[in-house]
Amino acid sequence: MKLIHCADLHLDSKMDTNLDKESAKERKGEILHTFERMIMYAAQNEISAILIAGDMFDVKNISATTRNVVLHNIVEHPKITFYYLRGNHDNDNFLSGLEDVPENLKMFDSKWTSYDEAEGRVSISGIELSDENAESAYISLVLDSKKFNIVMLHGQESKSAVKDRAEIINLKALRNKGIDYLALGHIHMHKMEKLDARGTYCYAGCLEGRGFDECGEHGFVVLDVDEDTGKYTHEFVQFAQRKLYTVNVDVTDCRTTAEMVSKATADLENAGCDGEGLVKIVLEGMLDVECEKDIVYFQSRFRQCFYYVKVYDETRLKIDVSDYMLDESLKGEYVRQVMEDESISEEDKKIIIRYGLQAIAGEEVQ
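Structure report, in brief. (Residues numbered from 1 in each chain as written. Predicted model: local features only at pLDDT ≥ 70, side-chain atom pairs only at ≥ 80, totals over all residues. Heavy atoms only, no water.)

### A look at the overall build of the protein chain
Note the following rule: Secondary structure is summarised from DSSP: a helix means a run of H or I of at least four residues, a strand means a run of E of at least two, and numbering begins at the N terminus for each. Our radius of gyration is a C-alpha quantity, and the globule rule it is checked against amounts to 2.2 Å times the number of residues to the power 0.38. A 1.4 Å probe rolled over the protein chains alone gives each residue an accessible area, and that area as a share of the maximum for its type sets the label: buried under 20%, exposed over 50%, partly exposed in between. Only heavy atoms enter the contact rule, under which two residues are in contact if any of them lie within 4.5 Å. Here the accessible surface of atoms and residues is derived via Shrake-Rupley with a 1.4 Å probe, and residues count as covered only by protein chains that are part of the display.
Regarding its fold elements, the protein chain presents 7 helices and 19 strands. Taken against the 2.2 N^0.38 rule, which gives 21 Å for 366 residues, the C-alpha radius of gyration of the protein chain at 27 Å runs more than 25% over that of a compact globule. In terms of its C-alpha atoms, the protein chain occupies a principal-axis envelope of roughly 90 × 40 × 40 Å. For the protein chain, the residues scored as buried account for 48% of the 366 residues in total. Within the protein chain, contacts between residues at least 6 apart in sequence are counted, and of these 66% link residues at least 24 apart. As displayed, the protein chain offers around 18300 Å² of accessible surface, 47% of which is attributable to carbon and sulfur atoms.

Next up, the structure:
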């Protein structure tokens, strides 16, 4: 029996933190389409069930389009059973007003609910954690050790109990319960580790990265369970339409914007950034106070190379005051006056000197 474990789809996410209105709308549609593509993948690869371990949606009031697309794809694939455990971003309105819930959509609530697959040899259990059941949930979980037991939960992993935190999953309390595979949601990066001598716990991560705190590969986990032996294999499938990259570029001692562009180009290539990705470039290192640096040009230089580019300038300025102390030009006089002002911090003095030297040279002040 083959299953897909996914989580944290966050459909209907606004996507406007980094993107303009049109790009955010396009990206929002791409994330919804990735959900559709995953179901197409399941249909083409003989997947029997899809486990959605929370946060299928990102907002309480989901759009009619998203709701209809999700329901349409579930109904159109009756051979696939969808196990949907709601997370902290989900609520009940997904099915509100619906006369008939699709037969192949299985839900969970505040008490343990179990479903059998493969003629009773595989069991899928889940509970939606809350303040009311956070403590009793671990005690009330009873599984048949003769079955292959999959348990679904949504929350942050912890090695011990945390009082008054329903979204915390106490892994220690789940050990030796007969769990073979603990399908988790909430953490947006793929992670898989041993739970105990018998079982494994796994965060599938999100299907698509939405911000630069979610760089790297994203997708879902495919489980292939041998119902007779209780053994299984697993594979993480990278499935996101676009990747996000954060690339730190050390531009220490660069004298011009052109040199910085050249350094960044090499670093972006080494990082494997593809043209369809979203890229954050972080400039860092020490620059001479008189270096020529045009961040506007720098960003425009890479804008056409990628789907989206964001540049952070975290460089620091260095200045050797002795170079100006005997300089009788306007430049030297300006530097000396700034350096003698004790009310200005050393870092601010460097910035003020840079602006002043740009102005004296007739350059555009940035």
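Next comes the rest of the write-up.
### Overview of the nonpolar core
Nonpolar side chains in soluble globular proteins tend to end up buried together. The following threshold applies: In these notes, a set of buried Ala, Val, Leu, Ile, Met, Phe, Trp, Tyr and Cys residues joined through side-chain atoms within 4.5 Å is what counts as a nonpolar core.
By size, the foremost hydrophobic cluster in this structure holds 39 residues, and its most contacted members are Ile-4, Ile-50, Met-56, Phe-94 and Phe-220. The set of elements that each furnish at least two residues to this core consists of strand 1 (2-6), helix 1 (21-44), strand 2 (49-53), helix 2 (64-75), strand 3 (81-85) and strand 13 (219-225). The leading source of residues in this core is helix 1, at 8 residues. Every residue in contact with Met-56, bar those within four places of it in the chain, is listed here: Leu-9, His-10, Leu-11, Phe-35, Val-70, Tyr-84, Asp-90 and Phe-94.

### Brief notes about the packing of helix 6 (residues 330-340) against helix 7 (residues 346-360)
To be explicit about the condition: All axes are obtained by fitting lines to C-alpha atoms, using only the stretch in contact for helices, and the reported angles, taken between N-to-C directions, cover 0 to 180 degrees. Orientation labels follow simple angle bins: below 35 degrees gives roughly parallel, above 145 gives roughly antiparallel, 65 to 115 gives roughly perpendicular, and whatever is left gives oblique. Throughout, a crossing is termed right-handed when the near helix is turned clockwise from the far one, and left-handed when it is turned anticlockwise from it by less than a right angle. Under the scheme applied here, ten amino acids are nonpolar (Ala, Val, Leu, Ile, Met, Phe, Trp, Tyr, Cys and Pro), four are charged (Asp, Glu, Lys and Arg), and all others, including Gly, are polar.
Two elements in contact, helix 6 and helix 7, have axes whose closest approach is 10 Å; the angle formed by their N-to-C orientations is 160°. Here helix 6 lies roughly antiparallel to helix 7, going by the angle between them. For the element pair helix 6 and helix 7, the recorded crossing hand is right-handed. Where helix 6 abuts helix 7, its residues Leu-330, Lys-331, Tyr-334, Val-335, Val-338 and Met-339 lie against Glu-346, Lys-349, Ile-352, Ile-353, Gly-356, Leu-357 and Ile-360. A class-by-class count of the residues in the contact of helix 6 with helix 7 yields 9 nonpolar, 1 polar and 3 charged.

### Considering the state of the cysteines
Rules: Disulfide: a pair of cysteine sulfur atoms within 2.5 Å of each other.
Under the counting rule described, the total for this entry stands at 0 disulfides. Cysteine Cys-206 is unpaired, with the sulfur of Cys-215 as its nearest cysteine sulfur at 11 Å. Here Cys-206 falls in the buried class, since its relative accessible area comes to 1%. Cysteine Cys-254 remains unbridged, with the sulfur of Cys-291 as its closest cysteine sulfur at 8.5 Å. Given a relative accessible area of 10%, Cys-254 falls into the buried group.

### Digging into the sheet that holds strand 14 (residues 232-238)
Just so we agree on the cut-off: A strand pair is defined by DSSP finding two or more bridges across the two strands.
Across the sheet, 6 strands lie side by side as 4-3-2-1-13-14; this open sheet has mixed pairing. Either end of the sheet is taken by a strand with one partner, and the two such strands are strand 4 (105-107) and strand 14. Shown here is a sheet whose adjacent strand axes are inclined to one another by a mean of 20°, direction ignored. Pairing of strand 2 with strand 3 involves 5 bridges; the strand directions are parallel. By the bridge assignment for strand 3, Ala-53 is matched with Leu-85.

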